[in-house]
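Residues per chain are reported as follows:
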Amino acid sequence: MSVTTLDPTAALVVIDLQKGIAGLPTVHPSDEVIARSARLAAAFRARELPVVLVNVTGGAPGRTESARAGGTPPADWAELVPELDRQSGDLLVTKQVWGAFHATALDLELRRRGVTQVVLTGIATSIGVESTARAAYEHGYHVTVATDAVTDMDEGAHRNSLEKIFPRLGETGTTDEIIALLG
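Being a predicted model, the structure only gives us computed values, none of them experimental.

Enquirer: I keep staring at the overall build of the protein chain and nothing clicks. Help me out?
Expert: Looking only at helices and strands, the protein chain has 6 helices and 6 strands in total. From first element to last, N terminus to C terminus, the protein chain shows the α and β order β-α-α-β-β-α-β-α-β-α-β-α. Computed over its C-alpha atoms, the radius of gyration of the protein chain comes to 15 Å, within 12% of the 16 Å expected for a compact globule of 183 residues. Within the protein chain, the fraction of its 183 residues that count as buried is 48%. Of the contacts made within the protein chain by residues no fewer than 6 positions apart, 84% connect residues no fewer than 24 positions apart. Side-chain charges of the protein chain comprise 16 positive and 23 negative groups, with the mean position of each set lying 5 Å from the other.

In C-alpha cells form, the structure reads like this:
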C-alpha cells in the first residue's frame, strides 16, 4: 500500500546519513538517498514540522557471529553529511545502537512537539531504519518509510525490509508522494 496520509504533526527522522556510513557501498547510491532526504528535510522545515537528524557513534556491546568493524574510525566518521543542511531548529539524536529510540530522548522530544507520525529515511534500511521503525510502531507512532530515500549494504535485506517488514509497521511511499501529501 502506498502512503495515504500524513498527520498534521508528522516529523521527519533521518537515520545515519553521516560521513562514515554514507561512504559505504550500498544497493542504491547513497548520494541519491541523501539528496531525497535533504528534499524531505527542506519540505518539512518549510512547513515548520520537526526534522530529526540521527547519527551513531557506538555499538551495542553484545557478542555477535558477524564480524564487527575494527579499529578507530576517522575523526569525522559520525559527522552528518553537509547536504542535509542542518538547521538550528533540527533535533540531533546521537545513538549507540541500531535504533534511534533506545537510550535516547527521541520519544520525549517527539511527544513534547505533539508528533504522532514519523517519516523515515536513511542508511541502512535493514538496520538503523528498520530498528527505528519497529520502535516507533511500538511507541504508538504512525510510521511511513520513504522507499526511495533508504538503502542498505545488502540487497536481500533491503528488499525484505521494504516488502515484508515496513508494510506491517506502517505505510511506504516515495519522496515525491510524501512531499505531495505535505501540501
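Enquirer: What should I look at first to understand the packing of helix α4 (residues 125-138) against helix α5 (residues 155-169) in this one?
Expert: Describing two packed helices takes the angle between their axes plus the distance from one axis to the other. Relative to each other, α4 and α5 sit at 5°, their axes nearing to 10 Å. Accordingly, the angle class assigned to the pair α4 and α5 is roughly parallel. Taking contact as the criterion, the partners of Thr125, Ser126, Val129, Glu130, Ala133, Arg134 and Tyr137 in α4 are, on α5, Ala157, His158, Ser161, Leu162, Ile165, Phe166, Arg168 and Leu169. Its residues placed into classes, the contact of α4 with α5 shows 8 nonpolar, 4 polar and 3 charged.

Enquirer: Any chance you could explain helix α2 (residues 30-46) here in plain terms?
Expert: One turn of the α-helix equals 3.6 residues, which is why residues spaced by three or four share an orientation. If you check α2, its first and last C-alpha atoms are 24 Å apart, about what 17 residues at 1.5 Å a residue would give, namely 24 Å. Within the sequence span of α2, burial applies to Ser30, Val33, Ile34, Ser37, Ala38, Leu40, Ala41, Ala43 and Phe44. Buried-residue contacts for α2 involve β1 (10-15), α1 (19-22), β2 (51-56), β4 (117-123), β5 (142-151) and α6 (175-182). Positive backbone phi, approximately 55°, marks Glu48, located one or two places after α2.

Enquirer: Help me out: how do you make sense of the pattern of salt bridges in this one?
Expert: When their charged atoms lie close together, side chains carrying opposite charge are able to pair. Evaluated as defined, the whole model comprises 11 salt bridges. Note that Asp176 and Arg39 form a salt bridge whose closest N and O atoms lie 2.8 Å from each other. With Asp176 in helix α6 and Arg39 in helix α2, this pair connects stretches of sequence that are 137 residues apart. On the basis of relative accessibility, which here comes to 48%, the residue Asp176 falls in the partly exposed class. Several salt bridges converge on common partners, so that one network encompasses Glu32, Arg36 and Asp148.

Enquirer: I keep staring at unusual backbone geometry and nothing clicks. Help me out?
Expert: Glycine aside, residues mostly have negative phi, and peptide bonds are mostly found in the trans state. Going from Ile123 to Ala124, the amide bond is cis rather than trans, its omega being 5°. Take Ala124: it is sitting in the loop between β4 and α4. Positive phi, normally seen in glycine, also occurs at Ala103, with a value near 60°. Within the secondary structure, Ala103 is located in the loop between β3 (91-95) and α3 (106-112).

Enquirer: What is the right way to read the side chain of Lys95 from this model?
Expert: In this structure, Lys95 sits in strand β3. Look at Lys95 and you get buried, because its relative accessible area is 1%. Of note is the side chain of Lys95, whose polar atom sits 2.7 Å from the backbone oxygen of Trp98.

Basis of the calculations
Residues numbered from 1 in each chain as written. Predicted model: local features only at pLDDT ≥ 70, side-chain atom pairs only at ≥ 80, totals over all residues. Heavy atoms only, no water. Helix = DSSP H or I, 4+ residues; strand = E, 2+ residues; numbered from the N terminus. Rg over C-alpha atoms; globule rule 2.2 N^0.38 Å. Buried < 20%, exposed > 50% of the residue type's maximum accessible area, 1.4 Å probe, protein only. Contact = heavy atoms within 4.5 Å. Lys, Arg positive; Asp, Glu negative; His and termini not counted. Charge placed at Lys NZ, Arg CZ, Asp CG, Glu CD. Axes fitted to C-alpha atoms, helices over the stretch in contact; angles between N-to-C directions. Parallel < 35°, antiparallel > 145°, perpendicular 65-115°, else oblique. Nonpolar A, V, L, I, M, F, W, Y, C, P; charged D, E, K, R; others polar. Expected span 1.5 Å × (residues − 1). Salt bridge = Lys/Arg side-chain N within 4 Å of Asp/Glu carboxyl O. Polar contact = N/O pair within 3.5 Å; in protein donor to acceptor, adjacent residues only side chain to side chain.

Honestly, that's just the spatial picture; any functional story needs more than this.
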